[in-house]
Amino acid sequence: MRSRLTFRGTLASMAARALMKGLLGLRPSRAVMVGYSVGGHHYSTAASIKPPPPQIDDSNVTDKILSLPLEKPDFFRVSELVSLKELFDARVHLGHKKGCRHRLMEPYLYGCRLDHDIIDLDQTVEHLQLALNFTAHIAYRGGIILFVSRNRQFCHLVENTAKDCGEYAHTRYWQGGLLTNGNIQYGPGVRLPDLIVFLSTLNSVFQQHVGIRDAAKMNIPSIGVVDSNCNPSLLTYPVPGNDDTPVAMELYCRLFKMTIKRAKDKRKQMELLQGLCSTGPDRL
Amino acid sequence: MEYIKKQVEEFDIGKRHLANMMGEDPENFTQEDIDRSIEYLFPSGLFEKKARPLMKHPDQVFPKQRAIQWGEDRRPFHFLFYTGKQSYYTLMHVSTAGSRKSPSSFQNASSPLLPPRVISYSDRHSLSASRWLKKEELEELLVENISIQDYNRFIQLMESLLSMPYCTIEEEFVLRYRQNLEAQSRKQAMPVLERDERGVAFSTADGRRKTSDSTVTLRDCGSGRITINGRDYLQYFPVLQDREQLMFPLQFMGMLGRFDLECTVSGGGRSSQAGALRLAISRGLLSFLSDGEMENMRQAGLLTPDPRVRERKKPGQKKARKKFTWKKR
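Residue indices begin from 1 for each chain and proceed along its sequence in written order. All chains are assigned letters beginning at A, and all ligands numbers beginning at 1, according to the order in which they are written. Two thresholds apply to this predicted model, a pLDDT of at least 70 for residue-level local features and 80 or more for giving and counting side-chain atom pairs, whereas whole-chain, interface and lining totals are computed over all residues. Side-chain numbers here rest on the full set of heavy atoms in the structure, without hydrogens or water.

- In the nomenclature of an unreviewed UniProt entry, chain B corresponds to Small ribosomal subunit protein uS9m from the organism Sparus aurata.
- UniProt positions are given in the numbering used here, feature names are shortened, and annotations may be inferred rather than shown by experiment. Of the comments in the UniProt record for chain B, the one headed Sequence similarities (unreviewed entry) reads "Belongs to the universal ribosomal protein uS9 family."
- A UniProt comment under Subcellular location (unreviewed entry) is attached to chain B, and it reads "Mitochondrion".

- As recorded in an unreviewed UniProt entry, chain A goes by Small ribosomal subunit protein uS2m and comes from Sparus aurata.
- Recorded in UniProt under Subcellular location (unreviewed entry), the annotation for chain A is "Mitochondrion".
- Under the Function (unreviewed entry) heading, UniProt states for chain A: "Required for mitoribosome formation and stability, and mitochondrial translation."

1. Topic: the overall build of chain A
Phase 1 of the analysis: Put simply, DSSP marks the helices as runs of H or I at least four residues long and the strands as runs of E at least two long, and each gets a number from the N terminus on. Along the backbone of chain A there are nine helices and eight strands.
Phase 2 of the analysis: For chain A, with 284 residues in total, the buried portion stands at 48%.
Phase 3 of the analysis: Within chain A, contacts between residues separated by at least 24 positions form 68% of all contacts whose residues are at least 6 apart in sequence.
Phase 4 of the analysis: Reported accessibility uses the Shrake-Rupley method at a 1.4 Å probe radius. Residues are deemed covered only where the shown protein chains occlude them. Total accessible area on chain A is roughly 14,600 Å²; 59% of this is exposed by carbon and sulfur atoms. Partly exposed residues are those whose accessible area sits between 20% and 50% of the maximum for their type, while under 20% is buried and over 50% is exposed, using a 1.4 Å probe and protein chains only. Between two residues, a contact is recorded if the distance between any of their heavy atoms is within 4.5 Å.

2. Some thoughts on the interface of chain A and chain B
Phase 1 of the analysis: The interface of chain A with chain B comprises 31 residues on the first partner and 20 residues on the second.
Phase 2 of the analysis: Buried area between chain A and chain B, summed over both chains or domains, comes out near 2,200 Å², and the portion from carbon and sulfur atoms is 55%.
Phase 3 of the analysis: The largest share of the area that chain A buries against chain B comes from Tyr168, Arg172 and Tyr186 of chain A, three residues that together contribute 28% of it.
Phase 4 of the analysis: One side-chain nitrogen of Lys or Arg within 4 Å of one carboxyl oxygen of Asp or Glu is enough to make a salt bridge. Between the two partners, chain A and chain B, sit one salt bridge.
Phase 5 of the analysis: A salt bridge links Arg75 of chain B to Glu167 of chain A; its shortest N-O distance comes to 3.0 Å. Two parts placed together each lose some accessible area; with a 1.4 Å probe, that loss summed over both constitutes the buried area.

3. With respect to unusual backbone geometry
All names here are of chain A.
Phase 1 of the analysis: Unlike most non-glycine residues, Asp115 shows phi in positive territory, near 75 degrees.
Phase 2 of the analysis: Here Asp115 shows up in the loop between β2 (109–113) and β3 (116–119).
Phase 3 of the analysis: Unlike most non-glycine residues, Asn219 shows phi in positive territory, near 60 degrees.
Phase 4 of the analysis: Along the chain, the position of Asn219 falls in the loop between α8 (210–217) and β7 (222–226).

4. With respect to a nonpolar patch on the surface
All names here are of chain B.
Phase 1 of the analysis: What makes a patch is a set of residues exposed beyond 30% relative accessible area and free of salt bridges, joined within 9 Å when like-charged and within 5 Å when nonpolar (Val, Leu, Ile, Met, Phe, Trp, Tyr). Side chains of Met21, Tyr40, Leu41 and Phe42 sit close together on the surface and give an oily, nonpolar patch of about 480 Å² of accessible area.
Phase 2 of the analysis: Mapped onto the elements, Leu41 comes out in helix α2 (residues 31–41).
Phase 3 of the analysis: Leu41 gets classed as partly exposed once you look at its relative accessible area, which sits at 35%.

5. Quick word on the packing of helix α11 (residues 240–253) of chain B against helix α12 (residues 270–285) of chain B
A packed helix pair is summarised by two numbers, namely the angle formed by the two axes and the spacing between the axes.
Residue and element names in this part refer to chain B.
Phase 1 of the analysis: Note on geometry: axes are C-alpha line fits, over the in-contact stretch for helices, and angles between N-to-C directions span 0 to 180 degrees. Between α11 and α12, the least distance of the axes is 8 Å, while the angle of their chain directions is 15 degrees. By the angle class used here, α11 and α12 are roughly parallel. Our pair here, α11 against α12, has a crossing hand that is right-handed. In contact with Gln241, Asp242, Gln245, Leu246, Phe248, Pro249, Leu250 and Met253 of α11, α12 contributes Arg270, Ser271, Ala274, Leu277, Arg278, Ile281, Ser282 and Leu285.
Phase 2 of the analysis: Each residue is assigned to one of three groups, with Ala, Val, Leu, Ile, Met, Phe, Trp, Tyr, Cys and Pro labelled nonpolar, Asp, Glu, Lys and Arg labelled charged, and all others, Gly among them, labelled polar. For the contact of α11 with α12, the class distribution of residues is nine nonpolar, four polar and three charged. Should an angle lie under 35 degrees it is considered roughly parallel, over 145 roughly antiparallel, and from 65 to 115 roughly perpendicular; all remaining angles are considered oblique. Crossing handedness follows the turn of the near helix against the far one: under a right angle anticlockwise gives a left-handed crossing, and clockwise gives a right-handed one.

6. Considerations on the confidence of the model for chain B
Atomic detail in the predicted coordinates should be set aside for any region of low pLDDT.
Residues and elements named next belong to chain B.
Phase 1 of the analysis: Summary of the metric used: pLDDT quantifies the predictor's per-residue confidence within the range 0 to 100. Model confidence for chain B is summarised by a mean pLDDT of 84, while 88% of its residues fall at 70 or above.
Phase 2 of the analysis: No element of chain B has a lower mean pLDDT than helix α5 (residues 103–110), at 52, and none a higher one than α12, at 93.
Phase 3 of the analysis: Model confidence for the complex is summarised by a pTM of 0.68, with the ipTM given as 0.73.

7. What about the pattern of salt bridges?
Phase 1 of the analysis: Taken as a whole, this structure holds 29 salt bridges over all chains when the rule is applied.
Phase 2 of the analysis: A salt bridge links Arg219 of chain B to Asp196 of chain B; its shortest N-O distance comes to 3.4 Å. Placement of Arg219 of chain B in strand β5 (residues 212–219) and of Asp196 of chain B in the loop between β3 (194–195) and β4 (201–209) is noted, with a sequence separation of 23 residues between them.
Phase 3 of the analysis: Where salt bridges share partners, they join Arg77, Glu80 and Arg262 of chain A into one cluster.

8. Thoughts on the nonpolar core
Phase 1 of the analysis: Nonpolar cores were defined as sets of buried Ala, Val, Leu, Ile, Met, Phe, Trp, Tyr and Cys residues, with membership established by side-chain atoms within 4.5 Å. With 66 residues, the main nonpolar core has Phe147 and Leu199 of chain A together with Phe154 of chain B as its most contacted residues.
Phase 2 of the analysis: Contacts of Leu199 of chain A, omitting those with residues within four sequence positions, involve Phe147, Val148, Ser149, Val158, Val225, Asp243, Met249, Tyr252, Cys253 and Phe256 of chain A.

9. Looking at the pairing of strand β8 (residues 237–240) of chain A
All names here are of chain A.
Phase 1 of the analysis: The two faces of β8 match: Tyr237 and Val239 on one face and Pro238 and Pro240 on the other face are all buried.
Phase 2 of the analysis: As defined by bridge partners, β7 adjoins β8 across four bridges and the pair is classed as parallel. Each residue of the ladder has a partner; that of Val225, found in β8, is Val239. Strands qualify as paired when DSSP identifies two bridges or more between them.

10. Side note on the confidence of the model for chain A
Phase 1 of the analysis: On average, residues of chain A score 81 in pLDDT, and 78% of them reach the 70 mark or higher.
Phase 2 of the analysis: Between residues 18–45 of chain A, whose pLDDT stays under 50, and residues either more than four places distant or in other chains, the model counts 41 contacts.

11. Brief notes about the layout of surface pockets
Phase 1 of the analysis: As defined here, a cavity is a set of points on a 1 Å grid over the protein atoms alone where a 1.4 Å probe fits but cannot get out. A pocket is an open set with protein on both sides within 12 Å along at least five of seven lines, and residues line them when an atom is within 4 Å of a point. Grid points are joined across faces, edges and corners, and a volume is the space filled by probe spheres set on the points. Roughly 540 Å³ of internal volume is contained in the second largest pocket.
Phase 2 of the analysis: Together, 20 residues line the second largest pocket, and Arg150, Arg152 and Arg172 of chain A together with Met92 and Arg153 of chain B are the ones closest to its centre.
Phase 3 of the analysis: No other element matches helix α8 (residues 148–163) of chain B, which puts five residues into the lining of the second largest pocket.
Phase 4 of the analysis: Class assignment for the residues of the lining of the second largest pocket results in six nonpolar, eight polar and six charged.

12. Quick word on the sheet that holds strand β4 (residues 145–149) of chain A
Within a sheet, adjacent strands bond to each other through the backbone by hydrogen bonds, running parallel or antiparallel.
Residues and elements named next belong to chain A.
Phase 1 of the analysis: Taken together, five strands build an open sheet; the order of strands is β5-β4-β6-β7-β8 and the sheet is parallel. Edge positions in the sheet fall to β5 (168–170) and β8, since each of these pairs with one other strand and no more. For this sheet the average axis-to-axis angle between neighbouring strands, irrespective of direction, equals 20 degrees.
Phase 2 of the analysis: Here three bridges tie strand β6 (residues 195–200) to β7, and the two strands are oriented parallel to one another. Bridged to Ile196 within β7 is Ser222.

13. A word on the sheet that holds β4 of chain B
All names here are of chain B.
Phase 1 of the analysis: Pairing is mixed across the open sheet formed by six strands, whose spatial order is β3-β4-β5-β8-β6-β7. The sheet is open, and its two borders are formed by β3 and β7 (231–232), each paired with just one other strand.
Phase 2 of the analysis: The sheet contact formed by strand β6 (residues 226–228) and strand β8 (residues 260–266) spans three bridges and is parallel. Note that in β8 the partner of Thr227 across the bridge is Glu262.

14. Observations regarding the packing of aromatic side chains
Phase 1 of the analysis: Pairs were defined over the aromatic rings of Phe, Tyr and Trp, the Trp ring being its six-membered one, requiring ring centres within 6.5 Å. Orientation was assigned from the angle between planes: stacked under 30 degrees, edge-to-face over 60, tilted for the rest. If you walk through the whole model with that rule in mind, you get 15 aromatic pairs over all chains.
Phase 2 of the analysis: Between Tyr186 of chain A and Tyr82 of chain B the ring centres are 5.8 Å apart and the planes differ by 90 degrees, which places this aromatic pair in the edge-to-face class. Remark: Tyr82 of chain B occurs in the loop between α3 (58–61) and α4 (86–95) and Tyr186 of chain A occurs in the loop between α7 (182–185) and β6; the pair is interchain, linking two chains.
Phase 3 of the analysis: Under the relative-accessibility criterion, Tyr186 of chain A is labelled buried at 15%.
Phase 4 of the analysis: Either the NZ atom of lysine or the CZ atom of arginine qualifies as a charge over a ring when it sits within 6 Å of the ring centre and within 35 degrees of the ring normal. In this structure, Lys266 of chain A is placed above the aromatic ring of Phe75 of chain A, and the distance from its NZ or CZ to the ring centre is 4.9 Å.
Phase 5 of the analysis: Sitting over the ring of Tyr140 of chain A, Arg267 of chain A keeps its end group 5.3 Å from the ring centre.

Structure below.
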């Protein structure tokens, strides 16, 4: 619980960061839209360092676009995507055997039947809704989402999901300094992911994935599908559920893909709307 | 990128200046002409060829580098950017069996009534005449550094792709990662086939082994006589092993009674003379054979000169390899 509260605080800072990025980065996309030219606004050459001062209309409009989803609790209506029956049919409630159980997963379990752990689907539904809502907000603000899963059975599926959403995936061997040593690994001035989604928190040798610890170190929020043998402590949005069945994995991938697409479409819609609104009075 | 474009422009201008200086046509000034003129204008006595003055196109001089991987909003272009080795992992992603076209679509395209034909790996001719790309060549292709384990995984994946039925669909994709082997037989130097006054075809060839030199003339007369240094082969080589060495090339080709051999041999011992003669006979036989039979001979090892020579004795040792008795103290 505590970890989630601290992240609300960083969300505001993230919003500020996203705002700045929006101001600098969204210009090219907006310039394409007809009728939304920020009147008389000249772009300086590469020689000058300081970006041109933003116009007052711009900041108001971007503010409105970014603050609108935060007014309602379920702006993207993710609760419609998740239903208990669907989770049950996809066998999400099946955990591992009693011997594999992790101590910290006990609050999320409904019970144990013939040595098999059953995950409480009511809690899963709540956690999944929170997680999907969070991804939708991140995708709406143009954040980078990284899908991680070290399960070889679903590596291809996860990569395809990421490609379809327009987000990123990493289902291969995790080199030590990918997040913590980003500037040297990738190049100076790289942008690290704003959200990491672990579709399976364990790696090939049934130990906790290094990415969870690295994400916590780099202050990157993480969502993770935790099975009954996983450790949910370092994740910001743990989602208790089965991570070994193909049906369950396909369900998760479908859900994440739908939320991200929904959020991105909503963003484009908002920008178009605001563009039309602001040029309305100017045209006179 | 702009730097490289500037370099290319400068190179083009420099090329034209050079052509004018040499008094040649600036339009058709090839790389060989450039090399020639640079060697003439800047003669260098350095032994290392790479240290001499060089004028080449910037694409060949500057190593291939990656352009910046992200756009204005700093989002990376490629979806596998955060793995570190994006082109290698895209290759792996694309070549996994799940992503290749399914056989059902292939079947529907050809004709649904025919039973499915499964073509195995070994039947494919184009695959037998090529080899997998080496690690360095793959690195060059992907512009990325790969580890040995990554390379082995890649080869494993390709082999598993080809071992499945309907591998012909993926053949085109797989051939991109194969390099053609040159047939070694093309490089063989063949002796000339001459004609006698009587019209008999004959050819002469040399052979060497250890310190023996031999010359053999094969005449297409029809008898099986062999003369070495003026004497009969039975007299010259009393040991069966040496005579077998002489016969082996003809026996292999099945032309035992066809040729008349006139040989001269000098130097070496009994066995090395026999070996030299064998090589000379196989070389002489080449002009009477087709390409396929020549390839057979090459694969049998008849055309390879034996490089083994006597190793010298070293000081501090008894013989070439034998050392003096080792004493602990």
